[in-house]
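If you want the building blocks of each chain, they are given just below.
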Amino acid sequence: MDPRKPGTRLRSAVCDTEVMVIAAPAVAIELRCGGAPMIDIAESPPPGASCHPDAKGGTALGKRYVDEAGDLELLCTKPGEGSLTIAKTPLTVKGAKPLPSSD
Amino acid sequence: MMLLEMATSAFSDRVALRSGDDQWTYAELFAAAGSAAAEVSAAGTERLAVIDVSSPAVPVGLFASAWAGIPFVPLNYRLTEGELESLIQRITPAYLVTDTDRVATLSKLPNTTVASRRAFLEQAGSGTAPPPSWPMEPDAIALLLFTSGTTGAPKAAVLRHKHLISYILGSVEFGAAGEDDATLVSVPPYHVAGVAAILSSVYAGRRIVQLPNFSAEAWIDLARRERVTHAFVVPTMLARIVECLEGSDNLDLPCLRALAYGGGKMPLPVIERALKRLPGTSFTNAYGLTETSSTVSVLGPEEHRAALASDDETAKRRLASVGRPLPGVEVEIQDEAGRPLGPGERGEIHVRGEQVSGEYLGQGVTLGPDGWFATRDGGSMDAEGYLFVDGRIDDVIVRGGENISPGEIEEVLLEHEAVADCAVVGVPDEHWGEAVAAAIVLGKDRPASPEELRTWVKDRLRSSRTPERIEFSKGLPYSETGKLLRRKVRAQLRGDAS
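Just so it is clear, the structure is predicted and the values come from calculations on it, not from any experiment.

A. Quick peek at unusual backbone geometry. Backbone torsion omega between Thr92 of chain B and Pro93 of chain B reads -5°, so that peptide bond is classified as cis. The topology assignment puts Pro93 of chain B in the loop between helix H4 (81-89) and strand E5 (94-98). Its identity as a non-glycine residue notwithstanding, Ala87 of chain A has a phi of 50°, on the positive side. Here Ala87 of chain A shows up in the loop between strand E8 (84-86) and strand E9 (89-90).

B. Just the domain arrangement of chain B, in detail. All names here are of chain B. Its domain assignment divides chain B into domain 1 (2-303), domain 2 (304-394) and domain 3 (396-497). On a C-alpha basis, the centres of domain 1 and domain 3 stand 34 Å from each other. Contributing elements (two or more residues each) for the side of domain 1 that touches domain 3: helix H10 (235-246) and helix H11 (268-277). Ranked by the residues each element gives to the side of domain 1 that touches domain 3, the list is headed by H10, at 3 residues. Residues that form the side of domain 1 that touches domain 3 fall into these classes: 8 nonpolar, 6 polar and 2 charged.

C. How the structure looks around the nonpolar core. Residues and elements named next belong to chain B. In terms of nonpolar packing, the biggest core is built from 149 residues, with Leu29, Ala33, Ala49, Val60 and Ala64 touching the most fellow members. Here this core gathers at least three residues from each of two domains, domain 1 (2-303) and domain 2 (304-394). The residues touching Ala33, leaving out its near neighbours within four places in the chain, are Leu4, Val60, Phe63, Ala64 and Trp67. Core analysis: the next-biggest nonpolar cluster, separate from the first, contains 23 residues, Ile397, Ile404, Ile409 and Ala423 among them.

D. Just helix H12 (residues 301-309) of chain B, in detail. Residue and element names in this part refer to chain B. For H12, the full list of buried residues reads Glu303, His304 and Ala307. In an axial view of H12, the angular spread of the buried residues amounts to 105°, which keeps them on one side of the axis. Seen from the buried face of H12, the exposed residues on the opposite side, beyond 90 degrees, are Glu302 and Ala309. Tucked inside the fold, the buried residues of H12 contact H11, strand E13 (282-289), strand E14 (294-299) and helix H13 (313-317).

E. Geometry of the sheet that holds strand E1 (residues 15-19) of chain B. Residue and element names in this part refer to chain B. The 9 strands lie next to each other as E2-E1-E10-E9-E11-E12-E13-E14-E15, forming an open sheet whose pairing is mixed. Pairing within the sheet leaves two strands with one partner each, and these edge strands are strand E2 (22-25) and strand E15 (324-325). When E1 meets strand E10 (residues 207-210), the two strands line up parallel, connected through 2 bridges. The residue bridging Arg18 from the neighbouring strand is Val209, located in E10. Relative to strand E9 (residues 182-185), helix H8 (residues 192-204) is tilted by about 165°, and along the sheet it contacts E1, E9, E10, strand E11 (230-233), strand E12 (258-262) and E14.

F. Structural view of the sheet that holds strand E7 (residues 73-78) of chain A. Residue and element names in this part refer to chain A. Here 6 strands make up an open sheet; going across it, the order is E5-E1-E2-E7-E6-E10 and the pairing antiparallel. Both edges of this open sheet fall to strand E5 (39-40) and strand E10 (92-93), since each of them pairs with a single strand only. Of the pairings in the sheet, the one linking strand E1 (residues 9-11) to strand E2 (residues 18-23) comprises 3 bridges and is antiparallel in character. Bridge pairing links Arg11 to Glu18 in E2.

Rules and cut-offs
Residues numbered from 1 in each chain as written. Chains lettered and ligands numbered in written order. Predicted model: local features only at pLDDT ≥ 70, side-chain atom pairs only at ≥ 80, totals over all residues. Helix = DSSP H or I, 4+ residues; strand = E, 2+ residues; numbered from the N terminus. Domains from an automatic or database assignment. Nonpolar A, V, L, I, M, F, W, Y, C, P; charged D, E, K, R; others polar. Core = buried A, V, L, I, M, F, W, Y, C linked by C-beta atoms within 7 Å. Buried ≥ 20, exposed ≤ 12 C-beta atoms within 10 Å, placed from the backbone. Contact = placed C-beta atoms within 7 Å. Arc of directions from axis to C-beta. Pairing = 2+ DSSP bridges. Axes fitted to C-alpha atoms, helices over the stretch in contact; angles between N-to-C directions.

Take a look at the structure:
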């Protein structure tokens, strides 16, 4: 799965995690969740698959996940027990500076 | 729609919306949006328009449109029948939701399906929501907002899902609201701030409390009764609220933590009085336009407090600014040739960023080649990036070849203790092309002569900026969203002259 188009929704093949692509790099990347490549939101996860023990950090609803370069940004729309990685490099939660409510 | 789905999965039983005695939880709002979407899709319409005050039909309609994959069009319920008809013609085939009185008239229009607010909400509340499934197309049109059309026929500003999502993700932390947080929405739904308030509140998990018709007394009463913690008002609303609070010593708003304002220029005396009367409330000034998906720049609570407490002129002056751009938004002041200007130099405010649309229906995208949106607002930026807005460029007075910004003269006039409100406009003049004229509303405390006010301005600005004509007036004409109707002031001052 090549998540290059903003707005694309993906799901984990091994846990409940769902994400939406906010920004994506121009090159193809190997996006994984729970150690397994993520699949299109419309696809069904293979039965019986589970998270790799090294990728069980979990995802949190409403958090944004970014890669080190800041090219990739994902919004978690459904949480799960797997963690998000590019190949084996973990994505990190984007720290948002709190803003005063303006509306 | 994704925003509501996320909020529903996180706090489904929390109250999302209160309107009068009715309330809807997130789960109920979600189901209602799905059910209404099925109804609207079955009618085969291509847009969903709501012609109503701030009622539950607005959030239900907004999310139902997204679910059905069609644009949402909130229309101004104060327009005349003829004005509404001509706007509706531009959005058909359309599903229209309106108050009972209007159903019969609107039903006669071709290519429309009309439902009363009541019937629409009953169907939405009792129907069965289809399984969650909606188009996720960031480039699809989410919202059409007709501008007020002060300079010609109203234009329909186009906001796509990508613009709104970018605004919400850039400015609101998901689920940041506490269980008891509530926001009071008193701006009408056809104003971009009315739509933005719904989206921000839903994403933050903050209960929306709707006030259909604004009056300062009703606003204060509802804020107290519903233990409102957050609100957004336009300057004219804040002026009336402060007046009402000052008239009664034991009236307070103990729960109100944050009050944001925008949508027009805030007179300095009003915000200073508000800060003094509500010391426990954090104030935020938000500047934005319909075409930029609402707020692009904010002056935060700390800066408000610093300005009030400080003797430093720079810090004090900041109270007259709209603060600094949001992360992800760039602001630049450009001259007429499109060259960027330096700190303190006056020019046209340009905005760039993912939430900026700059598109109108039938006219396409009006952004410059490098993505800048020309706001038609004049202003300047100081060395630390604080933005000052002078006013609409089209309102600039050209007197003998010199460009004069009405805002600058109005600020000076408002500093005079006798002046409660004022508007400065250009009127035709044989000698200068245009002459500076001012309509002045005097306060109750003391009178002032035109001569006294002219000297006041002359001493602080220069003589070319001194109003040649001054008329006293009981009140100035404002739109219901707090915009000063300068063309009416101009007509009045011109009429008196002839």
